[in-house]
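Summary of the model geometry
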Amino acid sequence: NQLADLQKHADLFSRKNIRLILVDLGEDAQKVGNFLARRGLSFDMILFDSDGAVANDYGVQGVPTYIFIGRNGVVKAVDHRLLRDYERILLGEE
């Protein structure tokens, strides 16, 4: 499960000052909370894109979409699957 993999690395990212932000497209907070709770997952930051504005701004064509943004605000990678080397991308070890 891709979310479980991200959860597993959340502490490492936090120590490296990397923010993990989940954006939910079109669902309400209770539904998302129930989904995460059933899977034993918990994330610090979840944004709810109820009108699709964020998805539109980033050109999201389907879900899930993973967008990796560097400290300088530049998009480093975009994919519909969690890239195997996402740690390297996020930690800047390119």
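Attention in this report is confined to the structure presented alongside it. (Residues numbered from 1 in each chain as written. Predicted model: local features only at pLDDT ≥ 70, side-chain atom pairs only at ≥ 80, totals over all residues. Heavy atoms only, no water.)

**Focus: helix α2 (residues 29-38)**
Here is the rule: Two N or O atoms form a polar contact when they lie within 3.5 Å of each other; inside protein one atom must be a possible hydrogen donor and the other a possible acceptor, and for residues adjacent in sequence the pair counts only when both atoms belong to side chains. A run of H or I in DSSP becomes a helix once it reaches four residues, and a run of E becomes a strand once it reaches two; helices and strands are each numbered from the N terminus.
Its side-chain oxygen at 3.1 Å from the backbone nitrogen of Gln-30, Asp-28 defines the N-terminal cap of α2. Phi turns positive one or two residues past the end of α2, at Gly-40, with a value near 70°.

**Examining the environment of Lys-16**
Quick note on the threshold: Throughout, a contact is declared for two residues whenever any of their heavy atoms are within 4.5 Å.
Mapped onto the elements, Lys-16 comes out in the loop between α1 (2-15) and β1 (22-25). Leaving out residues up to four positions away in the same chain, Lys-16 has contacts with Arg-71 and Leu-91.

**Some words on the pairing of strand β3 (residues 66-69)**
Selection rule: A 1.4 Å probe rolled over the protein chains alone gives each residue an accessible area, and that area as a share of the maximum for its type sets the label: buried under 20%, exposed over 50%, partly exposed in between. Here, strands pair whenever DSSP counts at least two bridges between them.
What you see with β3 is a clean split: Tyr-66 and Phe-68 sit on the buried side and Ile-67 and Ile-69 on the side with no burial. Pairing of β3 with strand β4 (residues 75-79), which is carried by four bridges, proceeds in the antiparallel orientation. The partner of Ile-69 across the bridge, within β4, is Val-75. Between the antiparallel neighbours β3 and β4 lie five residues, among them Gly-73 with a positive phi of about 85°.

**Topic: the environment of Arg-88**
Within the fold, Arg-88 resides in helix α4 (residues 86-91). With relative accessibility at 32%, the residue Arg-88 sits in the partly exposed group. At a separation of 2.4 Å, a polar atom in the side chain of Arg-88 contacts the side chain of Asp-85.

**Some details on the side chain of Asp-24**
Rules: By the counting scheme adopted, Arg and Lys are positive, Glu and Asp are negative, and His together with the chain ends is not counted. When a carboxyl oxygen of Asp or Glu lies within 4 Å of a side-chain nitrogen of Lys or Arg, that pair is called a salt bridge.
Counting through the fold element by element, Asp-24 comes out in strand β1. Although Asp-24 is buried, it forms no salt bridge, and the closest oppositely charged side chain is Lys-31 at an N-O distance of 8.1 Å. Separated by 3.0 Å, the side chain of Asp-24 and the backbone nitrogen of Glu-27 make a polar contact. Excluding residues within four positions of it along the chain, Asp-24 makes contact with Val-32, Leu-47, Phe-48 and Asp-49.

**Digging into the nonpolar core**
Where we set the bar: For our purposes a nonpolar core is just a set of buried Ala, Val, Leu, Ile, Met, Phe, Trp, Tyr and Cys residues, chained together by side-chain atoms within 4.5 Å.
Within the largest apolar cluster, 16 residues are counted, with the highest numbers of intra-cluster contacts made by Leu-3, Leu-6, Leu-36, Phe-43, Phe-68, Leu-82 and Tyr-86. Listing elements by their share of this core, those giving two or more residues are α1, α2, β3 and α4. Looking at this core, the element that brings in the most residues is α1, giving three residues. If we skip the residues at most four places from it in the chain, Leu-3 touches Leu-22, Phe-35, Leu-36, Leu-41 and Phe-43.

Such coordinate-based values are descriptive only and should not be taken to indicate function.
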